[in-house]
Every structure is written in structure tokens, then in C-alpha cells.
Amino acid sequence: MSRTQEKKQKKWFFIVIVVVSIARILMLRGLVIYPFVSAGCDDALMKNWALNIVGGNWTGPFSCYTFTKEVGFAFYLAVTYCLHLPYIIATNFLYMMAALILLYAVSHIVKQKWVLCIIYVVTLFHPIMTAFQTVQRVYRNGFATALTLLVFGSLLNLYFEITTESFLRNLIWSVLTAGSLGYLWETKSDTIWLLPFTISVLGVAAILVIRSRKIWSILPRLALLILPILGISFFSKTVDAFNLKAYGETGIAYYGPAMSILTGVKGEETLENVNLSRKTFYKLCELSPTLATTKQEVEKTMDEYDKYDTHPGDGNVENGWIGWTLLSAFDKAGYYENCQVANEFYQKLYKELSEAADNGKIELVEKSFLESYYLSTAKERKELFSTIGQIWNYVASHQEIFSSIYAVKEKDLLGSQGFEAITRGRAYYSPMKTDYYCAGWVAYPQYELKNLKVYVEDKAGNQLEQIEFYKSEDVSKRYGQVPGTEKCRFTIGWDYSGQEESPQFYIVAYNGTKQVAKKQIEEINSQDFQKEVCIGCIDGFFENNKLQENHKKAEEAVERCNKVSQIYYSIGNFLAWSGVITYIIFTIVAISQWKRKQFDTLNLWLVITGIDLSLFVLFAGVAVTHLRDCPAISYMYLSAAYPLFNFAAMLSILACIGSVFRKVRR
């Protein structure tokens, strides 16, 4: 190929990449978020943490959820908010950058530009980055998918260029790998599945450096290969430093040992996926006075969580939820006042149960390595590998990966507002029963509330609806003995038939026939108890028409995204099986070439094999969780696997075709 043709090809390659990237971003216009208001230990937790980070309060006041989840996604949300970037667009843009870096990495071994374009398009438009449970939810799975691609791309670029390019260029790849891997480590707890691939690639790269460089140039490049692993330590230590400053500790020391012994007692009954039955819990309460103080709260919380597991109504909570059950119950029992109080509680609990075990009153289940990973018997091994195969088929088929519309109900209006604020995105709302809706609290310290009548009025003074107040323990707890704050919360809806395009509404109080206070709803935020007749705070004010404005755009966006999803669903199994078959053929051909000392296919084979083995480790981990704890075969938990799965399949097909053609030509 002449230089002119090569330049022309590069030009068209660049144009195609730019056009499809812009098309991908435009496709997201109107896609709405899914504000999962009730997910107190997932979406809502990340949202609250992010809002606190924006306010300079780290993750906020100490609670039972402090230290239980990684803070990486919440920090990312806070950063996108401060940069005025919509969450869905920002996450997809990050994914696009990661896909480009991965594409550049594979360009070291795949030279045809049209092939690279196909790989990029299939990776870029993957529906996992528009799906309901990954990117529409304000949670970490979509963000973690983008980071995972960034880890693979940066790491492979470092591997391919460590012996050929400048130190500065390799420093960039090393820092990118360290940053993405370390940040992912503080975003998802299952990131360990990436370590075998990471360590193997860095190890092979180290051998190449040692063999190809003079002694005085080896050490700096070897240092670059150590940096990615140090990234994990750096981010972990940084988070620990923030936790230490905010809470005085980096964790609750006795939490792990106490929870381990609680859920590790051999019960009189054997129940599937239930390590702590209610019957066993009652027995432990008899042996541990500290645990007995939480009995009432644990019973109530078990009743709440029992509805969500795979056998609702049996009175027991499965392993996937028992940790959250106990955590919530201990919090309600008052043991999460601060970090020190919580640790003292868990320390007493651990000592009492350990003493009971030492005295033979309870028997602890001891699991070997094989038992922990569901490999101790032939039956378990068969179930494990069968489940891994089930996961492979699930990922290959791309089933369930669709965008959707979750219509926020009136009861979740207030919670969804926080999600919209931190994501700078829009939610999809069900039509309200009234034209307007308002919630908050209002108090009148200078008057007895029972002597007042309070209305919502328009500017002309028309009384639209009378306000009924209910108990407000949170307000009275915060503002002490201020009169009226014990019963000052309200929610109210009203219709309006006036002619004003942007009407103003007021909360007006009357003592008999005398008007004693009138405040525009938007202005109720005063806390000056000495001077103000009316004090309070509006939590949310909504107009029905404005809430419905983005319905059409949202429906069009979901329709666009689902057309793409349907394509992947249609070709998923074909692509996956083609990848398997061609990988086997490619491996056989490659081995025959290696025997003749022809190693030009070695790097490509190593990349495909490394990705496939990494996915196997992830699938095995999900399979163990599925068998031991709770149903875990979900695209939400497997999100990072999808683009890599297709990527490896495409490389296998291309490698096989190329190897066979070369063999035929010879």
C-alpha cells in the first residue's frame, strides 16, 4: 500500500470513528434515569453520599451503612455534578473513551482499519450502557463497566509498548491502568476477578523488559509495571484517610468477626441458602445477652426482608440479605450512635458467642477452601460448572438487556428529586392526581397550631386547599423545644384553574378570621425563630404539567435504544458460538505454527485467552454466590462481562479467518 493510500485510509478511519461516536451520544438524548428511592443500601445510599460529598461532608453522618459499600461511585457522581455533566451522558462518554483506548490496544495486532471499525461499533453501541438496571439506575454497574474496559485497554497498551515506545508514553499507560484499577477497586467489591489477568500481563511484560533492555534502563520500566498494583493501595489508603478524618476510624474492627460467627453457627435445621435461621437466632439470644437486646428489632426486620427472598413467608432470610437485615436491626436498636459504640457492641457480641463456642454450647461450621468455593464434592462441582455454563448462555444471549421507563409514583416524588439533582438528569413521572403537589413542614412558634387554620392560596387570595398537619419527630428532634415543631409536617395537592401562566402560591395561616402569616411557598426556608412568625422548609414543590414535559422524548429515546438492544439479542448466541468454534480452530492452527517457530499470532492468542479466562473467573464467582447466597445471574452483576465477551468473540473470529487464509496461501 502506498503512503497516499495509507493516509486516505487513516482519514476515513478517523471520520468513521468520529461519526459513530457522535451518533452514540445523540442516541442518548431524552433517556431518563430510574430513581430507585427505596434502595436504601444501594442507589439511595450512593445518592446521599454524593450529595454529602458535594457539600464537603464526606459521606455524611455516621450510620449503619458507613464502611459497608465502596465510595468510588458516589465520588464520581459528585464530580459529574460539580462539572455540570448529566450522569448518563458522562458515563457513556467515559465508556466511549475506554472503548477507544481498548481499540488502540488491539490495533497493535489487528492492522485492517475496516476490522477495527467493526470492533469499535459493536463495542460502543452495546446496550449494557443504556440498559434499565445498569445506566438508567443511579448505581455503580454502568460506571464499573466503563472502568473495566479502561483497565483492559490501558494494561494492553502498556504491554504492547513497554519495550518499543518512550518512557513518558508508557508512564501514561501505567498511570491510566493504576488509576482505573485502583478506582474500580473502590467502586465494586468483586474487582478481584481482574487481578489474575493484570498480574499475568504485567509479569510477561516484565520478562520482555528484562530480555530486551540494557541493565541501566530496566529498572525504570519495571517500576512502571509495578505502578498499576500500587494504584489499588493508593486509592484504598486515600479512602481510609478520609474515613479516619470524618469518623475517627477506617472501619469497625469487630464487625467482620462478629458477623462471621453469627452466620457461621451450625443449626439444628438445614435450610437452603440460610446460614442464620430464626430458630438459630433465638438460641443465640439465650447465649448472648448483648444479642438479646436486639431481638425485637431483628424479628421485625426479618419480617420485612423475608418478603424479598426466593421463599417469601417461610420466616427466614437468605444469605444474600441476612447481613443487611442484621445491620438494619442493630441500627434500630441504637448501636450505631457512632463508630466506637458500634465497635463495642460487636466486640461484646463476638466475645459472648466465642465463649459459647469454646464451652461447646454452639458448634461453628468450618469450611475448607474447596467447600467455600463449592468444589468439595462431585455433586457440588457438577452444579458449579453447570451454573457457570448457565451464566455463559445468559451473557451470550443478551437476554433482558433493555432500556425501560419507570414511572415515578406520587409517593416517591420527594426521593426522586434528589436523584434528579445529583445526576442533572430527568425522571419519568406518572400523572399526579392534582395540578400541584407540595411537601415540607411549617410551624408558628408564636401561636398554638390547634387555634390556626392554614391554607394554600393563590396571589389573589383564593383558598385552594386546607393543610392538615401530622407528627414530625425529625423536626422536633432537630429544633428542640420550639413550639409547634412536634406536629408540623404536611403533604398537600391542589388544582388550579386560574389564567396565570406561572402562578405563585402561598401558605397562609389564620387565627380566627385574622391573617397572621403569609409566605410564598418558594420562600419558606427561614430558621430565625426569634423574628419570624412562620418558619419551615419545603422539601418538594411539583407542577404536574412540567413533570410530564419530557415524556415523549423519553419514550423516543427508549425506543431508539431498544432497537439496538434487539439487534444484539438477535445475534448474541451466533456471535458467542462462532467465537468458541473459531477460538478452538485458531488455537490448533497457532500451535502448529509455534512448532515451526512462527510466533506472529502469539500476542493475539494471549489477549483472547486472557480475556476468556478473566470472564471465567467472574462467572465462577457469580456462580458460587448464586448457589450459596442468593439469585445472582443478572445482567446488573455481570455488566462488565458483556462488551469483553463480544470483544473476545470478534477477535477469535478474525484471528481464525486470518490464520486459515495464511495457511491456505502457504
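Being a predicted model, the structure only gives us computed values, none of them experimental.

Conventions adopted
Residues numbered from 1 in each chain as written. Predicted model: local features only at pLDDT ≥ 70, side-chain atom pairs only at ≥ 80, totals over all residues. Heavy atoms only, no water. Phe/Tyr/Trp six-rings, centres within 6.5 Å; stacked < 30°, edge-to-face > 60°. Helix = DSSP H or I, 4+ residues; strand = E, 2+ residues; numbered from the N terminus. 1 Å grid on protein atoms, 1.4 Å probe; cavity = no way out; pocket = protein on both sides within 12 Å on 5 of 7 lines; lining within 4 Å. Points joined across faces, edges and corners; volume = space filled by probe spheres on them. Nonpolar A, V, L, I, M, F, W, Y, C, P; charged D, E, K, R; others polar. Expected span 1.5 Å × (residues − 1). Bend = angle between axes of the 7 residues up to and from the residue. Buried < 20%, exposed > 50% of the residue type's maximum accessible area, 1.4 Å probe, protein only. Disulfide = S-S within 2.5 Å. Pairing = 2+ DSSP bridges. Axes fitted to C-alpha atoms, helices over the stretch in contact; angles between N-to-C directions.

Caption draft 1: How the structure looks around the packing of aromatic side chains. Under the criterion given, the structure shown has 44 aromatic pairs. Look at Trp-58 and Phe-242: their rings are 4.6 Å apart centre to centre, the planes differ by 20°, and that puts the pair in the stacked class. Of the two residues, Trp-58 sits in the loop between helix H2 (43-54) and helix H3 (72-82) while Phe-242 sits in helix H10 (residues 215-247), which places them 184 residues apart along the sequence. For the pair Trp-392 and Phe-645, a centre-to-centre distance of 5.6 Å together with 65° between the ring planes defines the contact as edge-to-face. Here Phe-645 lies in helix H24 (residues 641-665) and Trp-392 lies in helix H18 (residues 378-397), a separation of 253 residues in the sequence.

Caption draft 2: The arrangement of the layout of surface pockets in detail. Computed from the structure, the second largest pocket encloses a volume of approximately 520 Å³. A per-element tally of the lining of the second largest pocket places H24 first, with 8 residues. For the lining of the second largest pocket, the per-class residue count stands at 15 nonpolar, 5 polar and 4 charged.

Caption draft 3: Expanded view of empty space enclosed by the protein. In the structure shown here, the tally under the stated rule is 2 cavities of 30 Å³ or more. In this model, the largest cavity occupies a volume close to 80 Å³. Along the walls of the largest cavity sit Ala-144, Thr-148, Leu-184, Lys-188, Asp-190, Thr-191, Trp-193, Leu-618, Tyr-637, Leu-638, Ser-639 and Ala-640, which together make up its complete lining. As a volume, the second largest cavity reaches approximately 30 Å³. Taken together, Val-442, Ala-443, Tyr-444, Tyr-447, Leu-449, Pro-483, Gly-484, Lys-487 and Cys-488 make up the lining of the second largest cavity. Here the lining of the second largest cavity is composed, by residue class, of 7 nonpolar, 1 polar and 1 charged.

Caption draft 4: Looking closely at helix H22 (residues 551-595). Here H22 contains 45 residues, and its C-alpha end-to-end distance of 63 Å stays within 8% of the 66 Å for a straight helix at 1.5 Å per residue. Largest kink in H22: about 45°, centred on Ile-571. Looking one or two residues past H22, Lys-597 carries a phi angle of roughly 65°, positive in sign.

Caption draft 5: Region of interest: the pairing of strand S3 (residues 436-443). Burial of S3 is extensive: 8 of the 8 residues sit out of reach of the surface. Here S3 shows a buried face lined by Tyr-436, Cys-438, Gly-440 and Val-442 and a second buried face lined by Tyr-437, Ala-439, Trp-441 and Ala-443.

Caption draft 6: Structural view of the environment of Lys-7. Here Lys-7 shows up in helix H1 (residues 3-27). Sequence separation between Lys-7 and Leu-284 is 277 residues; the distance between their C-alpha atoms is 75 Å.

Caption draft 7: Molecular detail of the environment of Gly-256. Within the secondary structure layout, Gly-256 lies in helix H11 (residues 255-262). Sequence separation between Gly-256 and Trp-594 is 338 residues; the distance between their C-alpha atoms is 50 Å.

Caption draft 8: Geometry of the state of the cysteines. Applying the stated criterion across every chain, the model contains 0 disulfides. Cys-285 takes part in no disulfide bond, and the closest cysteine sulfur, belonging to Cys-64, lies 19 Å away. The exposure class assigned to Cys-285 is buried, which follows from its relative accessible area of 8%. Here Cys-630 is not disulfide-linked; the sulfur of Cys-41 is the nearest cysteine sulfur, at 12 Å. Cys-630 gets classed as buried once you look at its relative accessible area, which sits at 14%.

Caption draft 9: Spotlight on the sheet that holds strand S4 (residues 452-458). In space, the 4 strands of this open sheet follow the order S5-S4-S7-S8, with antiparallel pairing throughout. Both outer strands of the open sheet, strand S5 (463-466) and strand S8 (514-520), are each paired with one neighbouring strand and no more. Put simply, the sheet's adjacent strands are angled 30° from each other on average, direction ignored. Two elements, S4 and strand S7 (residues 505-511), share 7 bridges in a ladder whose sense is antiparallel. If you follow Glu-457 over to S7, its bridge partner there is Tyr-506.

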